[in-house]
Amino acid sequence: MDNQKVREAFALAIDRDDYVKLRRTYKPLVDFVPFGIYPKYEEARDKVYTAELKKQGSSLDEWKARKFNAEKARQLMTEAGFPVQKSGSGWSCPSFSVDHVSITYNTAESNKSTAEFVQAQWKQNLGITVPLKNMEFKTFLPLLNRVDYEGFGRRGWVGDYMDPYTFLYLFYSPQNSGATGWWDPKFDRMLDEANNTVDEQVRYEKLAAAELYMMQKQIVVPLGVPGTSWLKKPYVKGLYPNPGTLHPWKFVYIERDPAKWDTDVENLLTVKDPIVQQQLAAIVKTQQDFVKSKANEKAAE
Amino acid sequence: MLTFILRRILLIVPMALLVVTVTWGLIRVAPGTFYDSEKKLPPAIEANIRAKYGLDQPWYWQYWLMIKNVAKGDFGDSLRYIGQSVNEIIWRHLPYSATIGLLAYFIALIIGVSAGIIAALKQNSRFDYGAMAAAMLGLSVPNFVLGPILVLVLALGLYILPPARWGGISGLILPVATLAGVYAAYIARLTRAGMLEVMRSDYIRTARAKGLSETVVLLKHGLRGGIIPVVSYTGPALAALLAGTVVVERIFSIPGLGNIFIQAVLNRDEPLVLGIVAFLSILIMVFNLIVDISYGFLDPRIRYE
């Protein structure tokens, strides 16, 4: 696993389109910061990746094609010194020992199906059967944080706030929460520099450059972005689906009048709620009043 | 009799402390701590947390503090549910477990005892074979199999009953049936065996010779002796049923003690685990005591020395 080509090969040998079919509410992911949450960051990322990858003799399309490329994966394994040979209808890689490689995950039905899927993919596409290990969550966490697993550990991350940094900081500083043991001062410097930038879009571009730098080391094998399903009674108002599943509960209320209930589910995201708008306006006004009063104070001085 | 009861009550205290000690040791040996999460804590913050919960003290001192508080009946606050005391959590979740447990207990008792008596009286009849075959099946099918099968057929197949969750009588039927199944089967077999033995004994012949009606012979003389194995079995069983049954509560999403107990173990919530274990062990010991006392009333041959 210390060999970058091996890491890349394992990452490429998983058919993420098939994975998504297995998990149903997932979308395939090849980057670290998931898509669908920060549209502006995605714009910046596409721009930076296009320029940066062009410099490296590649392209954005090629980058996005990393969803699955078994041919390239086998080629990379061979380059790394572990030739993958044709054997019968499948493949075999006798020189790669799995004695110290496994997929470790915390016991849960969903993690099990994911681990078995990945195991089957590697077996089919590389001819390598990686053993699976599972353990209870509280046993798994310290092991993960100590980087005591061998090969692959299962990890998921949910953003804490609406900024891509909530994902990227996972590999920031030597004591990071990335649980891979990877730390690179260059990556830290790139993040620091980005965070010292005032202009939002320029900052995003710098963060994207850092993400590309990190992803090209292939320290993680991204699989997919899950969707969240939720049910809401039509009389609960002021509650909207949003990418962070962060809900401002102070705006949520119960509507007694059935005529005003949410029946138009399709347009829940675009329809504006008059009561919430009113409350929002009131909050914005207190802010503006505060700014005004401060300005007045200054003027008086 | 009184000294017997007193001695037994006094024994409960050291026994409970022993159980708590073993549990405490097991939680300490288990990997992971209650504050572990996917975010790695900086060492300084971890040290602060450990100091706040006294985890930086030597183990014997921590043990002493724990035992001292437990002896007072104070388990402290849950480490996971901030600001809620262990006692509060136990009393909040007990009613759910107790409702299901008591219902299952009585249903199992009624079905089991009556099926056992009839099977014993009509030994080797069709009913006997049918009932004992059903009991064997009930004993062999664990409740984590029976529960999902019932849900599959009655809730997801026929849409008669809700598959899970608390609320209304209809929601009680499946969990109670699942719980009662194994117990009813066991009680039926115990009752049958006990009754068969007693009905052949000399004092039953004497009772019949006295000219007593068959009902009196059966209920007053036969059942009292025949039911003793059932009593010794159902005492601890009732304690276990009352205090929550992990599997059934899990299957049917019932917010009972069993569910909370599993959650507490998974969260490494030490005070809550200790509290539930101590509560459960005392409950079992008390029910065992009640069982032992009731022997004397049921069977005049038993004396307490």
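Residues numbered from 1 in each chain as written. Chains lettered and ligands numbered in written order. Predicted model: local features only at pLDDT ≥ 70, side-chain atom pairs only at ≥ 80, totals over all residues. Heavy atoms only, no water.

K.L.:
Give me the lowdown on empty space enclosed by the protein, citing residues and values where you can.
P.N.:
To find leftover empty space, a probe the size of one water molecule is rolled over the atoms. Counted under the stated rule, the structure contains 2 cavities of 30 Å³ or more. For the largest cavity, the calculated volume is near 50 Å³. What lines the largest cavity is simply A:Ala11, A:Leu12, A:Arg16, A:Val30, A:Arg66, A:Met215, A:Gln218 and A:Pro222. Broken down by class, the residue content of the lining of the largest cavity amounts to 5 nonpolar, 1 polar and 2 charged. For the second largest cavity, the full set of lining residues is B:Ser97, B:Ile100, B:Gly101, B:Leu179, B:Leu241, B:Thr245, B:Val248, B:Glu249 and B:Ile254. Secondary-structure elements contributing two or more residues to the lining of the second largest cavity are α4 (86-121) and α11 (246-251) of chain B. (1 Å grid on protein atoms, 1.4 Å probe; cavity = no way out; pocket = protein on both sides within 12 Å on 5 of 7 lines; lining within 4 Å. Points joined across faces, edges and corners; volume = space filled by probe spheres on them. Nonpolar A, V, L, I, M, F, W, Y, C, P; charged D, E, K, R; others polar. Helix = DSSP H or I, 4+ residues; strand = E, 2+ residues; numbered from the N terminus.)

K.L.:
Explain the sheet that holds strand β4 (residues 102-106) of chain A residue by residue, including any values.
P.N.:
Whenever strands of a sheet pair, they do so through backbone hydrogen bonds, lying parallel or antiparallel. Residue and element names in this part refer to chain A. The strand order β5-β4-β6 describes an open sheet built from 3 strands, whose pairing is parallel. Each having just a single partner strand, β5 (132-135) and β6 (151-153) make up the two edges of the open sheet. Within this sheet the neighbouring strands show an average axis-to-axis angle of 15 degrees, counted without direction. Taken together, the 4 bridges between β4 and β5 define a ladder with parallel strand orientation. Following the sheet pairing, Ile103 is matched in β5 by Leu132. (Pairing = 2+ DSSP bridges. Axes fitted to C-alpha atoms, helices over the stretch in contact; angles between N-to-C directions.)

K.L.:
Go over unusual backbone geometry with me, naming the residues and quoting the values.
P.N.:
All names here are of chain B. A positive phi is found at Asn124, a non-glycine position, where the angle reads about 65 degrees. When you line up the elements, Asn124 lands in the loop between α4 and α5 (126-140). Backbone geometry places Arg268, a non-glycine residue, at a positive phi of 55 degrees. You can see Arg268 is positioned in the loop between α12 (257-266) and α13 (270-298).

K.L.:
An account of the packing of aromatic side chains is needed here, citing residue identities and associated values.
P.N.:
Residue and element names in this part refer to chain A. Under the criterion given, the structure shown has 24 aromatic pairs over all chains. Both rings, one in Trp122 and one in Phe152, keep their centres 4.5 Å apart while their planes meet at 40 degrees; by these two values the pair is tilted. Here the residue Trp122 occupies a position in helix α6 (residues 109-126), and Phe152 occupies one in strand β6, the gap between them amounting to 30 residues. Taken as a pair, Trp122 and Phe152 share a single burial class, namely buried. Members of the aromatic cluster, connected to one another through ring pairs, are Phe10, Phe82, Phe96, Trp122 and Phe152. The ring of Trp63 is capped by Arg66, whose NZ or CZ atom sits 3.5 Å from the centre of that ring. One Lys or Arg, Lys86, reaches over the ring of Trp91 and ends 4.5 Å from the middle of that ring. (Phe/Tyr/Trp six-rings, centres within 6.5 Å; stacked < 30°, edge-to-face > 60°. Buried < 20%, exposed > 50% of the residue type's maximum accessible area, 1.4 Å probe, protein only. Lys NZ or Arg CZ within 6 Å of the ring centre and 35° of its normal.)

K.L.:
Quick rundown of the domain arrangement of chain B? Include the residues and the values.
P.N.:
On domain assignment, one finds that chain B holds domain 1 (2-71) and domain 2 (94-266). With centres defined by C-alpha atoms, the gap from domain 1 of chain B to domain 2 of chain B works out at 36 Å. (Domains from an automatic or database assignment.)

K.L.:
Report on the environment of B:Asn267, specifying residues and quantitative values.
P.N.:
Structurally, B:Asn267 can be placed in the loop between α12 and α13. For B:Asn267, a relative accessible area of 11% corresponds to the buried category. Taking C-alpha positions, B:Asn267 is 20 Å from B:Val248, a pair spaced 19 residues apart along the chain. Aside from chain neighbours lying at most four places away, what touches B:Asn267 is A:Lys138, B:Phe34, B:Arg80 and B:Tyr81. (Contact = heavy atoms within 4.5 Å.)

K.L.:
Residues and numbers for the pattern of salt bridges, please.
P.N.:
Residues and elements named next belong to chain A. Throughout the structure, instances matching the rule amount to 24 salt bridges over all chains. Its salt-bridge partner being Lys5, residue Glu79 comes within 3.3 Å of it at the nearest N-O pair. Placement of the pair is Glu79 in helix α5 (residues 70-79) and Lys5 in helix α1 (residues 4-12), with a sequence separation of 74 residues. Two residues, Arg74 and Glu71, come together in a salt bridge whose shortest N-O distance is 3.3 Å. Taken as a pair, Arg74 and Glu71 lie in helix α5 at a separation of 3 residues, close to a single helical turn. You can call Arg74 buried: its relative accessible area is 9%. On the accessibility criterion, Glu71 (53% relative accessible area) is exposed. Connected through salt bridges with shared partners, the residues Asp31, Arg45 and Glu211 form a single ionic network. (Salt bridge = Lys/Arg side-chain N within 4 Å of Asp/Glu carboxyl O.)

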